[in-house]
Amino acid sequence: MGRRGRDRRRQQQQRQERGGDSGGEQAGWAGGYPEIVKENELFERYYRELGIVPDGEWGDFMAALREPLPATLRITGYRSHAREILHCLKEKYFKELEDLEVDGQKVEMPQSLSWYPEELAWHTNLSRKILRKSPLLEKFHQFLVSETECGNISRQEAVSMIPPLLLNVNPHHKILDMCAAPGSKTAQLIEMLHADMNDPFPKGFVIANDVDNKRCYLLVHQAKRLNSPCIMVVNHDASSIPNLQIDVDGRKEVLFYDRILCDVPCSGDGTMRKNIDVWKKWTTQNSLQLHGLQLRIATRGVEQLAEGGRMVYSTCSLNPIENEAVIASLLEKSQGALELADVSSELPGLKRMPGITKWKVMLKDGQWLEEWKDVPSNRQTQIRPTMFPVKDEEKLKAMNLERCLRILPHHQNTGGFFVAVLIKKSPMPWNKRQPKVHQKLPQRTGDAEVTAANSDDGSERITEEPTLDENESKKKQELQNSDTEQSKKEGVCGPPPSKKMKLFGFKEDPFVFLPEDDPLFLPIQKFYALDSSFPKMNLLTRTQEGKKRQLYMVSKELRNVLLNNSEKMKVINTGIKVWSRNSDGEQFGCAFRLAQEGIYTLYPFIHARVINVCIEDVKILLTQENPFLSKFSSETQKKVKDMAMGSIVLKYDPDPAKPDDLQCPILLCGWQGKTSLRAFVPRNERLHYLRMMGVEVFKAKRKDEESESKTDEEVQHRLAQTEEGMDVEDKEHDLVAKMEAEIGEESSHSPVENSAMEVENKIEDLDQSGKNANSHVIQESKDTDRSNVKD
């Protein structure tokens with residue numbers, strides 16, 4: 001690296017010498033790369049001819065594509081917390097942007113997206129570059145970064161928010177996200193499942209899939225921020241994702257999904273405003289190569305959709321070859337089993353263009369083809385019949401392709417996007433004789449173990465289809481043969497052939513459910529006085545041998561999926577951590593302490609060791625590292641006086657009579673010692689709650705260490721104001737890098753949490769619990785920095 005750095009500096013010096021003093025510095029900053037020209041003659045010719053832009057709007061369309069994409073953000077999480085964040089944004093951070101100028105340009109006030117419900121999505125003309133570089137915006141930027149790491153804000157492109165909204169998700173829905181990474185849309189789906197904050201275990205779940213093993217860990221990183229027991233991340237080719245089975249009253253039945261999100265890989269020419277490389281790389285060949293894959297994925301999706309279910313197909317492309325052509329082919333071969341939903345009345349305020357019914361195919365060299373019969377024989381392996389519009393006017397009218405949505409960049413200052421909403425009315429023609437599988441399940445005894453399917457040596461497995469009897473198999477084969485022959489005559493693709501599934505990537509630890517009589521659980525149940533309704537069968541670990549270090553929890557429905565599909569699925573991650581082993585915990589009556597990420601799920605079942613605290617006590621807990629009991633209110637001191645040492649729940653309930661105080665409930669995991677009381681909360685979550693309570697936590701950057709130390713003293717004085725007080729940000733400064741990769745995990749905050757143990761229990765090794773954390777935690781964030789982001 002040193003030699004290459006020297007070479008770069010030498011090259012910069014040579015460029016400066018050639019370019020003179022005036023241009024040398026600029027050349028050095030630019031790194032010698034020419035600016036990308038936002039012109040592509042073939043692109044303009046192609047879309048002008050197709051007429052996707054209304055008459056008279058072409059100039060506005062092209063001008064919008066050449067402008068930078070506005071930054072957009074979405075407020076996430078539980079509804080009550082989301083309202084508090086929205087209030088904080090509008091009343092504090094947005095007001096500070098009024099009349100602000102950066103580089104001589106007035107900063108436009110952020111505006112809410114008119115079509116997004118409850119003002120939970122906003123856009124601004126501030127680019128990421130300006131946010132990072134401007135000292136005037138540093139405070140706002142730190143807020144965005146910190147809240148994003150907590151999972152309370154998602155910086156997501158506006159059009160990317162549309163597909164989950166059109167799925168109309170309810171908490172009981174079983175959902176499949178077929179091409180989920182990097183996870184912004186998946187996060188929306190999880191939020192919709194948890195619309196009712198009082199229900200810790202909604203009956204629905206999300207199975208988030210991606211074909212790229214590395215991107216799956218980015219997906220885990222996103223999903224983990226929402227702390228849901230109803231999410232499972234799997235690694236499969238979406239076009240051949242296996243049929244799963246579930247136990248229904250002792251019988252195995254095929255799992256069909258109520259909602260499917262099919263956001264397929266695409267050429268991405270709708271993203272030109274943020275991915276400027278598309279300008280010089282765009283060619284019609286990209287769409288022609290992706291069409292087949294997109295159709296296979298969409299076909300596999302509707303096969304797994306339940307009758308009456310809804311599937312949203314979406315791309316960030318404007319090209320009808322990737323959009324209407326795929327939908328038309330899907331509708332034609334469904335023979336009436338599918339229909340396009342009319343969503344014109346949904347998302348009022350969203351400007352959209354209807355789908356088109358006529359289009360042509362352009363070859364890479366610019367040659368136009370209007371029909372399949374015009375395709376040269378040497379091109380018929382690349383150009384397929386499904387790429388052309390349907391010629392039968394009656395069939396075309398029945399498809400209602402105008403019900404598709406195309407979002408154009410100049411209409412609402414967004415990226416380009418395409419969405420189609422499909423409803424399944426009956427089984428697909430090639431699945432009509434496919435019965436449900438009815439198999440009596442054997443009784444399970446002992447540890448119920450689910451091994452995460454994995455293959456380090458690139459072995460192959462074949463996706464299983466539901467079993468048919470001999471007569472049904474013959475009938476199905478005859479039907480498929482006749483359909484295939486008919487399709488060949490009509491130039492229409494039939495159902496995709498079965499495909500082998502290659503599994504590779506990191507080796508995952510198994511998922512081992514605790515048996516009903518596991519002696520590990522009894523002390524936990526007694527110590528926390530768990531309700532008899534607590535679903536202990538849903539507890540699992542990620543280790544087969546030795547001490548169980550972490551306990552995780554999934555919903556009952558996901559447990560059902562895990563137990564019945566261990567040989568079919570490659571599961572990357574599922575469940576939330578609810579308890580962590582404390583090395584000296586047994587002397588306090590329980591070897592496991594509560595984990596913050598699972599506290600909102602556990603709380604409804606806990607009847608002991610819960611302390612209600614006032615807002616002033618919460619501020620002390622979040623700003624002081626290990627406060628003495630004498631610092632707290634007299635009511636809190638009385639409550640903990642006779643309570644045994646160990647892990648506790650600290651609960652804040654808002655007071656409606658004090659509207660200026662925080663108006664959302666807070667649950668914190670804590671530790672009660674002999675003379676002190678403290679919270680075990682990750683850094684960014686601490687800062688989040690402090691911001692919501694109006695406590696200033698901003699720390700400006702300084703160029704030298706002396707200035708930094710002064711700032712540390714100022715922040716320390718402002719936050720703590722006691723000799724035991726500690727600056728929350730500065731105390732954990734050396735852990736920021738870890739936290740960015742392992743949000744909410746043990747290693748991200750174990751040194752802070754265990755410092756209380758050191759004071760109270762004289763534990764010598766502060767990092768013990770972090771070192772003992774299960775290996776899958778670290779793998780969740782592998783290669784996230786190198787992953788490509790789709791949204």
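Brief notes about the overall build of the protein
The helix and strand inventory of the protein stands at 27 helices and 32 strands. In the protein, buried positions account for 57% of the 791 residues. Sequence-distant contacts in the protein: of pairs separated by 6 or more residues, those separated by 24 or more amount to 77%. Surface summary for the protein: the accessible area is close to 35600 Å², and the carbon and sulfur share equals 47%.

Comments concerning the packing of helix H6 (residues 138-150) against helix H21 (residues 683-692)
Packed helix pairs are characterised by how far apart their axes lie and by the angle those axes make with each other. Direction vectors running N to C along H6 and H21 enclose 120 degrees, while the axes themselves pass 9 Å from each other. In terms of orientation, H6 and H21 fall into the oblique class. Handedness of the crossing formed by H6 with H21: left-handed. Between H6 and H21, the contacting residues are Gln 142, Phe 143, Ser 146, Glu 147, Glu 149 and Cys 150 on the first element and Arg 683, Asn 684, Glu 685, Leu 687, His 688 and Arg 691 on the second.

Remarks on a positive patch on the surface
Together, Lys 129, Arg 132, Lys 133 and Arg 155 make up a positively charged patch on the protein surface. Looking at the secondary structure, you find Lys 133 in helix H5 (residues 128-133). Given a relative accessible area of 66%, Lys 133 falls into the exposed group.

Overview of the packing of aromatic side chains
In this structure the tally under the stated criterion is 20 aromatic pairs. Consider the rings of Tyr 46 and Trp 282, whose centres lie 5.6 Å apart with planes at 50 degrees: the pair is tilted. Separated by 236 residues along the polypeptide, Tyr 46 in helix H2 (residues 41-50) and Trp 282 in the loop between helix H10 (277-281) and helix H11 (284-303) bring together distant segments of the chain. On the basis of an interplanar angle of 40 degrees and a centroid distance of 6.1 Å, the ring pair of Tyr 528 and Trp 579 is categorised as tilted. Placement of the pair is Tyr 528 in the loop between helix H16 (521-527) and strand S24 (539-541) and Trp 579 in strand S27 (residues 576-581), with a sequence separation of 51 residues. Residue class for Tyr 528 comes out buried when judged on its relative accessible area of 1%. An aromatic cluster is built from Phe 201, Phe 521, Phe 527, Tyr 528, Phe 534, Trp 579 and Phe 605, whose rings are joined through pairwise contacts. For Arg 542, the ring lying beneath its charged end belongs to Phe 511, and the centroid distance is 3.9 Å. Here the basic side chain of Arg 559 rests over the ring of Phe 513, its NZ or CZ set 5.1 Å away from the ring centre.

Looking at the sheet that holds strand S6 (residues 153-154)
Taken together, four strands build an open sheet; the order of strands is S4-S5-S1-S6 and the sheet is antiparallel. Each edge of the open sheet carries a strand with a single partner, namely strand S4 (111-112) and S6. Taken strand by strand, helix H8 (residues 184-193) contacts strand S1 (71-75) and S6, and its axis lies near 25 degrees from that of S1.

Points about the confidence of the model for the protein
Per-residue confidence for the protein gives a mean pLDDT of 79; residues scoring 70 or more make up 73%. The model gives residues 18-32 a pLDDT under 50, and that stretch makes seven contacts with residues more than four places away or in other chains. Low confidence marks residues 451-504, where pLDDT is under 50. Its contacts with residues over four positions away, or in another chain, come to 94 contacts.

Structural notes on the sheet that holds strand S32 (residues 677-679)
Taken in spatial order, the four strands line up as S29-S30-S31-S32 in an open sheet, and their pairing is mixed. Every other strand in the sheet has two partners, leaving strand S29 (610-612) and S32 as the edge strands with one partner each. Taken pair by pair, the neighbouring strands of this sheet meet at an average axis angle of 35 degrees, ignoring direction.

Points about the pairing of strand S9 (residues 231-234)
Residues of S9 alternate between two faces, with Ile 231 and Val 233 on one and Met 232 and Val 234 on the opposite face, all of them buried. Direction of pairing for strand S8 (residues 205-209) relative to S9: parallel, over a ladder of four bridges. Residue Val 206 lies in a different strand from S9, and its bridge partner there is Ile 231. In this fold, S8 hands off to helix H9 (residues 213-224), which returns the chain to S9; that crossover is right-handed. Bridge count for S9 against strand S26 (residues 571-574) is three bridges, and the pairing is antiparallel. By the bridge assignment, Met 232 is partnered in S26 with Thr 574.

Description of the side chain of Thr 76
Counting through the fold element by element, Thr 76 comes out in the loop between S1 and helix H4 (79-96). We classify Thr 76 as buried; its relative accessible area is 2%. Here Thr 76 is in contact with Ala 82, Gly 151, Asn 152, Ile 153, Ser 154, Glu 191 and Leu 226, once residues within four sequence places are set aside.

Some thoughts on the environment of Phe 588
Along the chain, the position of Phe 588 falls in the loop between S27 and strand S28 (592-594). In sequence terms Phe 588 and Ala 644 are 56 residues apart; their C-alpha atoms lie 7.4 Å from each other.

Observations regarding the pattern of salt bridges
Where side chains of opposite charge bring their charged atoms close, a pairing between them can arise. Under the defined criterion, the tally for this structure stands at 24 salt bridges. Ionic pairing is found between Glu 346 and Arg 310, a salt bridge with its closest N-O pair at 3.6 Å. With Glu 346 in the loop between strand S14 (338-340) and strand S15 (353-354) and Arg 310 in strand S13 (residues 305-315), this residue pair connects regions lying 36 residues apart in the sequence. Each member of the pair, Glu 346 as well as Arg 310, is classed as buried.

Examining unusual backbone geometry
A cis amide bond links Ala 181 to the next residue, Pro 182, at an omega of 10 degrees. Inspection of the secondary structure assignment puts Pro 182 in the loop between strand S7 (174-177) and H8. Located in the positive-phi region is Asn 413, a residue other than glycine, with phi close to 60 degrees. Along the polypeptide, Asn 413 turns up in the loop between helix H14 (409-412) and strand S19 (417-424).

Let's talk about H2
When H2 is considered as a whole, its buried residues turn out to be Phe 43, Glu 44, Tyr 46, Tyr 47 and Leu 50. Projection of H2 onto a plane perpendicular to its axis shows the buried side chains occupying an angular sector of 165 degrees, all on one side. When the buried face of H2 is taken as reference, the exposed residues oriented beyond 90 degrees from it are Glu 41 and Arg 48. Contacts made by the buried residues of H2 are with helix H3 (58-65), H11, strand S16 (361-362) and strand S17 (368-369). Positive backbone phi, at 70 degrees, marks Gly 51, one or two positions downstream of H2.

A closer look at helix H17 (residues 556-564)
The buried fraction of H17 is high, at eight of nine residues. When H17 is considered as a whole, its buried residues turn out to be Glu 557, Leu 558, Arg 559, Asn 560, Val 561, Leu 562, Leu 563 and Asn 564.

Focus on the pairing of strand S31 (residues 666-672)
Counted residue by residue, S31 has seven buried out of seven residues, so it is predominantly covered. Residues Ile 666, Leu 668, Gly 670 and Gln 672 of S31 are buried on one face, and the alternating residues Leu 667, Cys 669 and Trp 671, pointing to the opposite face, are buried as well. As judged from the seven bridges shared by strand S30 (residues 646-652) and S31, these two strands associate in the antiparallel manner. Within S31, the position partnered with Val 649 by the bridge is Cys 669. Here three bridges tie S31 to S32, and the two strands are oriented antiparallel to one another. Following the sheet pairing, Gly 670 is matched in S32 by Ala 679. Hairpin connection, S31 to S32: the antiparallel pair is bridged by four residues.

The rules behind the values
- Residues numbered from 1 in each chain as written.
- Predicted model: local features only at pLDDT ≥ 70, side-chain atom pairs only at ≥ 80, totals over all residues.
- Heavy atoms only, no water.
- Helix = DSSP H or I, 4+ residues; strand = E, 2+ residues; numbered from the N terminus.
- Buried < 20%, exposed > 50% of the residue type's maximum accessible area, 1.4 Å probe, protein only.
- Contact = heavy atoms within 4.5 Å.
- Areas by Shrake-Rupley, 256 points an atom, 1.4 Å probe, with all protein chains shown as cover.
- Axes fitted to C-alpha atoms, helices over the stretch in contact; angles between N-to-C directions.
- Parallel < 35°, antiparallel > 145°, perpendicular 65-115°, else oblique.
- Left-handed = near helix turned anticlockwise from the far one by under 90°.
- Patch = residues over 30% accessible without salt bridge, like charges linked within 9 Å, V, L, I, M, F, W, Y side chains within 5 Å.
- Salt bridge = Lys/Arg side-chain N within 4 Å of Asp/Glu carboxyl O.
- Lys, Arg positive; Asp, Glu negative; His and termini not counted.
- Charge placed at Lys NZ, Arg CZ, Asp CG, Glu CD.
- Phe/Tyr/Trp six-rings, centres within 6.5 Å; stacked < 30°, edge-to-face > 60°.
- Lys NZ or Arg CZ within 6 Å of the ring centre and 35° of its normal.
- Pairing = 2+ DSSP bridges.
- pLDDT = per-residue confidence, 0-100.
- Right-handed = clockwise from strand over helix to strand, strands pointing away.
- Arc of directions from axis to C-beta.

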